[in-house]
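Listed below, chain by chain, are the residues.
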Amino acid sequence: MSITILGIESSCDDTSSSVIRDGVMLSNVIASQAVHEAYGGVVPELASRAHQQNIIPVVAEAIKRAGIDKSELSAVAFTRGPGLMGSLLVGTSFTKGLAASLDIPMIEVNHLQAHVLAHFIKETPDDDHAPSFPFLCLLVSGGNSQIIKVNAYNDMEVIGQTIDDAAAVNMNMLRVWGGGVYEDDVFYELCDERGILVWQDFMFACSVYPAEGAWLENVRLEAEDNIRRLRNHPSIAVWCGNNECNEAWFGWGWNTRYAKQGHPEWDRIIGDQLRRQYYEVLPEAVAACSPGTPYHPSSPWSRHEGTSENSEGDTHFWKVWHSRAPIADYNATRSRFFSEYGFQSFPEYASVLRFAPEERDRDIESEVMMAHQRGGDFANMRIRQYLEDEYWPARDFRTFLYMSHVLQGDAIKTAIEAHRRDKPYCWGSLFWQHNDCWPVASWASRDWYGRWKAQHYFARPAFDDILVSPLAEGNTLNVRLVSDRRKTVRGKLRITVMDMDGALLSENTRSLTVAPNASRNVYSADISGLLHGCARNRAIVVAEFTTDGRRYANIGYFVSQKELELPEADIRWSVGPAADGYEITLSS
């Protein structure tokens, strides 16, 4: 007996339907949505409305092209997720109605698994192109890049993806921001496996909400549902009420906006709603459904009825970037926990070519590039300003992209090292942000295509279990050794100062120990005594620490990078085969 399945896909901006009989595709109809072109990306609400308009004619056309009657259908398959919530709802609701009317089963389909299994769909009965088990599949869908080992139709193993990129650079926590979504179970399962803690915001951000009556009860039910779903994941470290709502209310003047218009009673009502939502309903939900799990009312947050302070709670530090403070200010700013800070860059040139393939678009002010700039004109201006402040102006479009990468990497490396040096006063450093949801210039360390930016590479040694960090402070060079290990570390420190031609100016070697989970100043010296007459802008310091056969190293400067007198580099390279790929050797 033949099995005929109608498939319906509505996860994003294409409404698609196909009829498959015994593995052979009889029809495939796609309705694309041009409405999003003006916005440079998919607008979820517009997508769901377009699905509502398209789904009936698309399904009818798929059945017609297949040459069958709907009574011949054995089942209806639909995309359950992942995807845009409103779009998925359209497909799910239509499927429920159709399956009920025909009295046939509904089949839930995981969007990402469907991509993998699409290899097995035949266009004709004689097609024989399906891969043999086991095989590897590279899946690139939306913001997810995964390498999947496929052992059988229902046996797939994720080998690498976004979470792996976090673990690969020694991150031990990710924050799920309140302006996003509660992630699917697989996200938390992967964090459990990779040893990544999760700071989980409730889904409220940068706004005030009508927290009373049925709406507030819905908030409570949604919170309890997600807490129960996630409470057994060891990765869940803290639940946080919101992103920046408390700060906005008490620190940005939101609590007096209506008073200025002659309606102070409205400010009082909104303030009472805010307190009920974040000081009563959400903490009560956490206490009832996951007792013992910490609850943080807002981020940033220090205390009730007030703004955050660096001496208590967590901090969002944006003076570097938004206020154009010099990158060196990261070294002087202290907080107990930095839960948000960041610096923008563009995607790399190869990624930009994906959405700006024409030469006329390769200008950061072009219509296409501006449609892919998360921060608009302000962000382009800010990157230019920081390039002029910290480096030099870029000479062309491609150089601008590259320099924005290095600038972002230097900035965040500076911040991470400053935060870690300040242990035990500071116990956290979470930069904004880990990934993008579409191709765009943003604060992410990885672009939408999964390519690492310089920042992600720079984060790997900065977040390593041991950090050796040199810093010129006035006329003194200080070197701190930071250890995240749980046991005392013993090793050898070597401080080498050389000029730009590689000539040795001074060297110091010593054996030392560092206590568990501690930061210690292990070297201080007068800079003039290290340089022996060499100009500060002609010298660098290399700090190395070797323990248990492993070498940790870092480079420091005695002036800003803009002031360095860098010689013209003659870089030579070679590529040769290696056991697990290729070996690239650079020399200068």
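Residues numbered from 1 in each chain as written. Predicted model: local features only at pLDDT ≥ 70, side-chain atom pairs only at ≥ 80, totals over all residues. Heavy atoms only, no water.

Novice: I would appreciate a short explanation of the overall build of the chain in the present structure.
Specialist: Counting its secondary structure elements, the chain contains 15 helices and 23 strands. The globule rule puts the C-alpha radius of gyration for 588 residues at 25 Å, and the 28 Å found for the chain is close to it. Based on the C-alpha atoms only, the size of the chain along its principal axes is roughly 90 × 70 × 50 Å. Residues counted as buried form 47% of the 588 residues belonging to the chain. When contacts within the chain are restricted to residue pairs at least 6 apart in sequence, those whose partners lie at least 24 apart make up 63%. When the accessible surface of the chain is totalled, it reaches about 29,200 Å², and 51% of it is carbon and sulfur. Side chains of the chain give 56 positive and 77 negative charges; the mean places of these two sets differ by 6 Å. (Helix = DSSP H or I, 4+ residues; strand = E, 2+ residues; numbered from the N terminus. Rg over C-alpha atoms; globule rule 2.2 N^0.38 Å. Buried < 20%, exposed > 50% of the residue type's maximum accessible area, 1.4 Å probe, protein only. Contact = heavy atoms within 4.5 Å. Areas by Shrake-Rupley, 256 points an atom, 1.4 Å probe, with all protein chains shown as cover. Lys, Arg positive; Asp, Glu negative; His and termini not counted. Charge placed at Lys NZ, Arg CZ, Asp CG, Glu CD.)

Novice: Got a minute to help me understand the pairing of strand 18 (residues 504-514) in this structure?
Specialist: Along any regular strand the residues' side chains alternate between the sheet's two faces. Sheet topology places strand 17 (residues 489-499) next to strand 18; ten bridges connect them, and they run antiparallel. Within strand 18, the position partnered with G491 by the bridge is L512. Where strand 17 hands over to strand 18, the hairpin turn is made up of four residues, of which G502 adopts a positive phi near 90°. (Pairing = 2+ DSSP bridges.)

Novice: Sorry if this is basic, but what is going on with unusual backbone geometry here?
Specialist: Glycine aside, negative phi is the norm for most residues, and most peptide bonds take the trans geometry. Residues S299 and P300 are joined by a peptide bond in cis, for which omega reads 0°. For P300, the location among the structural elements is in the loop between strand 12 (295-296) and strand 13 (315-316). Geometrically, the link from K423 to P424 is a cis peptide bond, its omega value of 15° lying close to zero. Secondary-structure assignment places P424 in the loop between helix 13 (397-421) and helix 14 (454-462). One non-glycine residue with positive phi stands out, namely E305, at about 60°. The topology assignment puts E305 in the loop between strand 12 and strand 13. You will see that H532, though not glycine, has its phi angle at about 50°, which is positive.

Novice: Explain the pattern of salt bridges here, please?
Specialist: As a working rule, side chains carrying opposite charge can pair if their charged atoms are close by. Going through the model one piece at a time under the given rule, you end up with 35 salt bridges. Of the charged contacts in the structure, one is a salt bridge between R268 and D272, with a shortest N-O distance of 3.4 Å. Linking R268 with D272, this pair stays in helix 8 (residues 264-289), spanning four residues, or about one helical turn. The partly exposed category is assigned to D272, whose relative accessible area is 29%. Measuring nitrogen to oxygen at the nearest pair gives 3.9 Å for the salt bridge that ties D396 to R395. For D396, a relative accessible area of 39% translates into the label partly exposed. With a relative accessible area of 72%, R395 lands in the exposed category. (Salt bridge = Lys/Arg side-chain N within 4 Å of Asp/Glu carboxyl O.)

Novice: Explain the environment of I104 to me, please; I cannot follow it from the model alone.
Specialist: For I104, the location among the structural elements is in the loop between helix 2 (85-102) and strand 5 (106-110). According to the relative accessible area criterion, I104 is buried, its value standing at 17%. Linking I104 and R510, residues 406 residues apart in sequence, is a C-alpha distance of 76 Å. I104 has contacts with L73, S74, A75, V76 and A99, leaving out every residue within four places of it along the chain.

Novice: What exactly am I supposed to notice about the side chain of Q277 here?
Specialist: Mapped onto the secondary structure, Q277 falls in helix 8. Judged by relative accessible area, Q277 falls into the buried class, the value being 1%. Here Y278 takes part through its side chain, which lies 3.3 Å from a polar atom of the side chain of Q277. Not counting residues up to four positions away in its chain, the partners in contact with Q277 are F204, Y209, A211, W215, L216, L282 and P283. (Polar contact = N/O pair within 3.5 Å; in protein donor to acceptor, adjacent residues only side chain to side chain.)

Novice: Sorry if this is basic, but what is going on with helix 1 (residues 44-66) here?
Specialist: Structurally, the α-helix is built with 3.6 residues per turn, so residues lying three or four positions apart point the same way. Here helix 1 contains 23 residues, and its C-alpha end-to-end distance of 31 Å stays within 8% of the 33 Å for a straight helix at 1.5 Å per residue. Within helix 1, the axis deviates most sharply at N54, by approximately 40°, and proline P57 lies no more than four positions further along. Burial in helix 1 covers these residues: A47, S48, A50, H51, N54, I55, V58, V59, A62, I63 and A66. Buried residues along helix 1 sit in contact with strand 1 (4-9), strand 2 (14-21), strand 3 (24-32) and helix 2. Directly beyond the C-terminal end of helix 1, a positive phi value near 70° is found at G67. (Expected span 1.5 Å × (residues − 1). Bend = angle between axes of the 7 residues up to and from the residue.)

Novice: Before we go on, may I ask you to explain the packing of helix 6 (residues 213-230) against helix 8 in this structure?
Specialist: Any two packed helices are characterised by how steeply their axes cross, that is the angle between the axes, and by the distance between the axes. As a packed pair, helix 6 and helix 8 sit with axes 9 Å apart at the nearest point and diverge in direction by 35°. For the crossing formed where helix 6 meets helix 8, the hand is right-handed. Together, W215, L216, V219, R220, A223, E224, I227 and R228 of helix 6 and R276, Q277, V281, L282, A285, V286 and C289 of helix 8 make up the contact between the two elements. A class-by-class count of the residues in the contact of helix 6 with helix 8 yields ten nonpolar, one polar and four charged. (Axes fitted to C-alpha atoms, helices over the stretch in contact; angles between N-to-C directions. Left-handed = near helix turned anticlockwise from the far one by under 90°. Nonpolar A, V, L, I, M, F, W, Y, C, P; charged D, E, K, R; others polar.)

Novice: Quick question: what am I supposed to make of the environment of D69 here?
Specialist: For D69, the location among the structural elements is in the loop between helix 1 and strand 4 (75-81). Overall, the relative accessible area of 43% leaves D69 in the partly exposed class. Considering only alpha carbons, one finds D69 and A50, 19 residues apart in sequence, at a separation of 26 Å.

Novice: In this structure, what is going on with the sheet that holds strand 5? I would like to understand it.
Specialist: Strand pairing in a sheet relies on backbone hydrogen bonds. The paired strands run either parallel or antiparallel. Reading across from one edge, 3-2-1-4-5 is the order of the five strands in this open sheet, with mixed pairing throughout. Bordering the open sheet on either side are strand 3 and strand 5, each of which pairs with just one other strand. Sheet twist, expressed as the average angle between the axes of neighbouring strands with direction ignored, equals 20°. Of the strands in this sheet, strand 1, strand 4 and strand 5 touch helix 2, which is tilted by about 160° from strand 4.

Novice: What exactly am I supposed to notice about the packing of aromatic side chains here?
Specialist: Overall, the coordinates contain 27 aromatic pairs when judged by the stated rule. Each ring, one from W199 and one from F337, has its centre 5.7 Å from the other, and the planes form 45°; the classification is tilted. Note that W199 is positioned in strand 10 (residues 197-201) and F337 in the loop between helix 9 (319-322) and strand 14 (338-340), a separation of 138 residues in sequence. Both residues of the pair, W199 and F337, belong to the buried class. The lysine or arginine in question, R334, covers the ring of Y425, its NZ or CZ lying 4.0 Å from the ring centre. (Phe/Tyr/Trp six-rings, centres within 6.5 Å; stacked < 30°, edge-to-face > 60°. Lys NZ or Arg CZ within 6 Å of the ring centre and 35° of its normal.)

Novice: Help me out: how do you make sense of the sheet that holds strand 16 (residues 476-483) in this one?
Specialist: An order of 15-16-19 is seen for the three strands of this open sheet, with the pairing classed as antiparallel. Only two strands of the sheet have a single neighbouring strand rather than two, namely strand 15 (466-473) and strand 19 (518-526). Neighbour-to-neighbour, the strand axes of the sheet open up by a mean angle of 20°, direction not taken into account. Where strand 16 and strand 19 come together, eight bridges link them in antiparallel fashion. Note on strand 19: the bridge partner recorded for T476 is D526. Contacting strand 15, strand 16 and strand 19, helix 13 crosses the sheet at an angle of about 100° to strand 15.

In short, geometric facts, not functional conclusions.
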